[in-house]
Amino acid sequence: MPLVFTNISEVYTPMQRITGAALAVKDSRVAWLGSGPNLPDLYRSWPQQDIGNRAVLPGLVDSHTHLVWAGSRVDEYRRRAKGSSYEEILSSGGGIYNTVTATQKASEDELYELARERAKIFLRGGVTTLELKSGYGLEAEHELKMLKVIRRLKETLPQRFVPTLLAHVIPHNWSRQSYLEMFSTELIPEVKRLGLAEAVDVFCDQGAFSLAETKRIFETALEHGLKIKVHAEQLKHSGASKLVAEMGGLSADHLEQSTLDDWQALAKSGTVGTALPGATVILKKPFPKLRAMWDAGVKVAVATDHNPGSSPLYSMFLAMQLAIALGGLSAEEALIAGSKHSAEALAKSDLGTLKPGAKADFIVIEGTDAMLPLYGWGYQPIHAVYIGGNKISAST
Ligand code: NIG
Ligand code: FE
């Protein structure tokens, strides 16, 4: 049913701020958005809903998460807090491998329940779209199991979920060459055949895949019509951000060790540069130079990288706050990074932005100032979340 939301104190589209706004929605998409008094006659006869002089923001888009996982890494967290490094733990067979063992053991139903509870927390934090990666299964059977969990989340929950196949690490019982062969010649074609992922991501870094291996996986993904993205320049500089830019990829994520040369390549190709402030801060890495990246013309996005190891972060607003405090973005830019740009990192130009034709995914702030959730740390003044123009109950 068409509906006009009235009495909006202010809205960030996020490219523009409009005060005293009204928003018309039809068929789950934005029909019109502007200053209330300018509402065209056509929409005045539509049913109205008073937002109560509250502010509105686009639904947040978390373009990088590893939400499907089992087990616990609390012990690793404790060890790292005492000084052990993430790299040491990973190379001694812990870290990601720890989650792999637990995720392989878990059934599809168990993984679904775990991920569903996490998705609800993100919903309460204003996240209406999440990208979800596989990558803790490693063996084809378990990677497919993870992707089926994501498909089930998509079918049963109100949020929008975008699935990605992740080449994470080489399993201990495989040679590099045979795993790479299996991943490229069996797993990617099967994932494509079943329609279980939109993109392929590679963890190109120390302890994971090399640049040449990453290139091979990307070539196969592109041959199968899948999009590509990469975990790049996190622990060591590998050149993967430049590679993904040159191959027309969607995004290069992490970027702690990235350089001006990398940013110029990303800017040139329009590949999104995604900061993952949770992982940066928790692993005590240098914060990516977001101000310089933005000024070099990179489309900067922010995401949580939610995962049980390097970023047990459940809040997009906190990720954006860190991008402001440590990356030098303005509050307005952080908002763009967490909505419009992160949607572009998923090739979803009709998400993360409130413009005619885009999906009517938005959050109503408890207050007249839209910046309240960015201003208050650990404070979540969210009155309601709408997806496709429908109010989503917090208990969903
Ligand atoms: O994005 N960098 C690789 N993968 C994840 C970490 C996964 C884990 O530690 O379990 C990341 O940071
Ligand atoms: Fe990640």
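Anyway, here's the lowdown on the structure attached to this text. These numbers were taken from a predicted model, which means no experiment stands behind them.

**Some details on the overall build of the protein chain**
The helix and strand tally for the protein chain stands at 16 helices and 15 strands. The globule rule puts the C-alpha radius of gyration for 396 residues at 21 Å, and the 21 Å found for the protein chain is close to it. Along the three orthogonal principal directions, the C-alpha set of the protein chain runs to about 65 × 40 × 40 Å. Considering only intrachain contacts with a sequence separation of at least 6, the fraction spanning at least 24 residues in the protein chain is 69%. Carbon and sulfur atoms make up 51% of the accessible area of the protein chain, which totals about 14800 Å². Side-chain charges in the protein chain split into 42 positive and 43 negative, and the spacing between the mean points of these groups amounts to 2 Å.

**Focus on the coordination of the iron ion (ligand 2)**
Ligation of the iron ion (ligand 2) by protein atoms is provided by His-64 (NE2), His-66 (NE2), His-231 (NE2) and Asp-305 (OD), these donors lying 2.1 to 2.3 Å from the ion. Read N to C, the donor residues that coordinate the iron ion (ligand 2) are spaced as H-x1-H-x164-H-x73-D. Residue His-64 is found in the loop between strand S5 (60–62) and helix H2 (74–81), and its partner Asp-305 is found in the loop between strand S12 (300–302) and helix H13 (316–325); the two are separated by 241 residues along the sequence. Its relative accessible area of 0% is what places His-64 among the buried residues. With a relative accessible area of 1%, Asp-305 lands in the buried category.

**What about the packing of aromatic side chains?**
The full count for this structure, using the stated rule, is eight aromatic pairs. Through a chain of ring-to-ring contacts, three or more aromatic side chains come together here, namely Phe-5, Phe-362 and Tyr-386. Above the plane of the ring of Trp-69 lies Arg-118, whose end atom (NZ or CZ) is 3.7 Å from the centre.

**Examining the sheet that holds strand S4 (residues 48–58)**
The strands that make up a sheet are held in pairs by hydrogen bonds between backbone atoms, and each pair lies either parallel or antiparallel. With mixed pairing, the seven strands of this open sheet are ordered in space as S3-S2-S1-S4-S13-S14-S15. Pairing within the sheet leaves two strands with one partner each, and these edge strands are strand S3 (29–35) and strand S15 (390–392). Sheet twist, expressed as the mean angle between neighbouring strand axes with direction ignored, is 40 degrees.

**Digging into the pattern of salt bridges**
Pairing is possible between side chains that carry opposite charge, provided their charged atoms lie close to one another. Applying the stated rule across the entire model yields 26 salt bridges. One salt bridge in this structure joins Asp-109 and Arg-152, with 2.8 Å as the shortest N-O distance. Separated by 43 residues along the polypeptide, Asp-109 in helix H5 (residues 108–124) and Arg-152 in helix H6 (residues 140–156) bring together distant segments of the chain. One salt bridge connects Glu-333 with Arg-291, and the closest N-O pair in it is separated by 2.7 Å.

**Remarks on the side chain of Asp-205**
Its place among the elements puts Asp-205 in the loop between strand S8 (199–203) and helix H8 (211–223). Summary of buried charges: Asp-205 has no salt-bridge partner, and the nearest side chain of opposite charge, Lys-236, is 6.8 Å away. Discounting chain neighbours no more than four positions away, the residues touching Asp-205 are Glu-233, Gln-234, Leu-235 and Lys-236.

**What about the pairing of strand S9 (residues 227–232)?**
Burial analysis of S9 places five of its six residues in the buried class, the great majority of the element. By the bridge criterion, five bridges tie S8 to S9 in an arrangement that is parallel. When the bridges of S9 are listed, Val-200 appears paired with Ile-228. For the crossover that starts at S8, traverses H8 and ends in the parallel S9, the hand is right-handed. The pairing of S9 with strand S10 (residues 251–254) spans four bridges and is parallel.

**Quick notes on the environment of Val-100**
You can see Val-100 is positioned in helix H4 (residues 96–105). Judged by its relative accessible area of 5%, Val-100 is buried. Along the backbone, Val-100 and Gly-71 are 29 residues apart, and their C-alpha atoms lie at a distance of 8.9 Å. If near-sequence neighbours (up to four positions away) are discounted, Val-100 is found in contact with Tyr-136, Gly-137 and Leu-138.

**Some points on the site of ligand 1**
As a structural note, the neighbourhood of ligand 1 is formed by 15 residues, with Tyr-86, Tyr-136, His-168, Asp-305 and Ser-310 the closest of them. Between ligand 1 and His-231, the relevant distance is 3.0 Å, taken from an oxygen atom to a side-chain nitrogen or oxygen of the residue. Residue Ser-310 places a side-chain N or O atom 2.7 Å away from an oxygen atom belonging to ligand 1. If ligand 1 stood free it would expose 330 Å²; the protein chains cover 100% of that surface. Among the residues making up the shell around ligand 1, the classes are represented as four nonpolar, nine polar and two charged.

**Topic: the packing of helix H7 (residues 176–194) against H8**
Running from N to C, H7 and H8 cross one another at 15 degrees; their axes reach a closest spacing of 10 Å. Here H7 lies roughly parallel to H8, going by the angle between them. As H7 runs across H8, the sense of the crossing is right-handed. Here H7 contributes Arg-176, Leu-180, Glu-181, Phe-183, Ser-184, Thr-185 and Ile-188 to the contact with H8, which in turn contributes Glu-213, Arg-216, Ile-217, Thr-220 and Ala-221. Among the residues forming the contact of H7 with H8, the class breakdown is five nonpolar, three polar and four charged.

**Side note on the nonpolar core**
A general feature of soluble globular proteins is that nonpolar side chains tend to end up buried together. Counting residues in hydrophobic clusters, the biggest one holds 100 residues, and the most contacted among them are Leu-165, Phe-183, Phe-209, Ile-217 and Met-320. Ranked by residue count, the leading element in this core is H7, at seven residues. Taken domain by domain, the makeup of this core includes at least three residues from each of domain 1 (3–58 + 353–392) and domain 2 (60–344). For Phe-209, the residues in contact, after removing those within four places along its chain, are Ala-167, His-168, Val-169, Ile-170, Arg-176, Tyr-179, Leu-180, Val-202, Phe-203, Cys-204, Thr-214 and Ile-217. Of all hydrophobic cores here, the second largest spans 18 residues; its members include Phe-5, Ala-21, Leu-33 and Val-56.

Cut-offs used in this document
- Residues numbered from 1 in each chain as written.
- Chains lettered and ligands numbered in written order.
- Predicted model: local features only at pLDDT ≥ 70, side-chain atom pairs only at ≥ 80, totals over all residues.
- Heavy atoms only, no water.
- Helix = DSSP H or I, 4+ residues; strand = E, 2+ residues; numbered from the N terminus.
- Rg over C-alpha atoms; globule rule 2.2 N^0.38 Å.
- Contact = heavy atoms within 4.5 Å.
- Areas by Shrake-Rupley, 256 points an atom, 1.4 Å probe, with all protein chains shown as cover.
- Lys, Arg positive; Asp, Glu negative; His and termini not counted.
- Charge placed at Lys NZ, Arg CZ, Asp CG, Glu CD.
- Donors = N, O, S within 2.8 Å, 3.2 Å for Na, K, Ca; no water.
- Buried < 20%, exposed > 50% of the residue type's maximum accessible area, 1.4 Å probe, protein only.
- Phe/Tyr/Trp six-rings, centres within 6.5 Å; stacked < 30°, edge-to-face > 60°.
- Lys NZ or Arg CZ within 6 Å of the ring centre and 35° of its normal.
- Pairing = 2+ DSSP bridges.
- Axes fitted to C-alpha atoms, helices over the stretch in contact; angles between N-to-C directions.
- Salt bridge = Lys/Arg side-chain N within 4 Å of Asp/Glu carboxyl O.
- Right-handed = clockwise from strand over helix to strand, strands pointing away.
- Near = heavy atom within 4 Å.
- Polar contact = N/O pair within 3.5 Å; in protein donor to acceptor, adjacent residues only side chain to side chain.
- Nonpolar A, V, L, I, M, F, W, Y, C, P; charged D, E, K, R; others polar.
- Parallel < 35°, antiparallel > 145°, perpendicular 65-115°, else oblique.
- Left-handed = near helix turned anticlockwise from the far one by under 90°.
- Core = buried A, V, L, I, M, F, W, Y, C linked by side-chain atoms within 4.5 Å.
- Domains from an automatic or database assignment.

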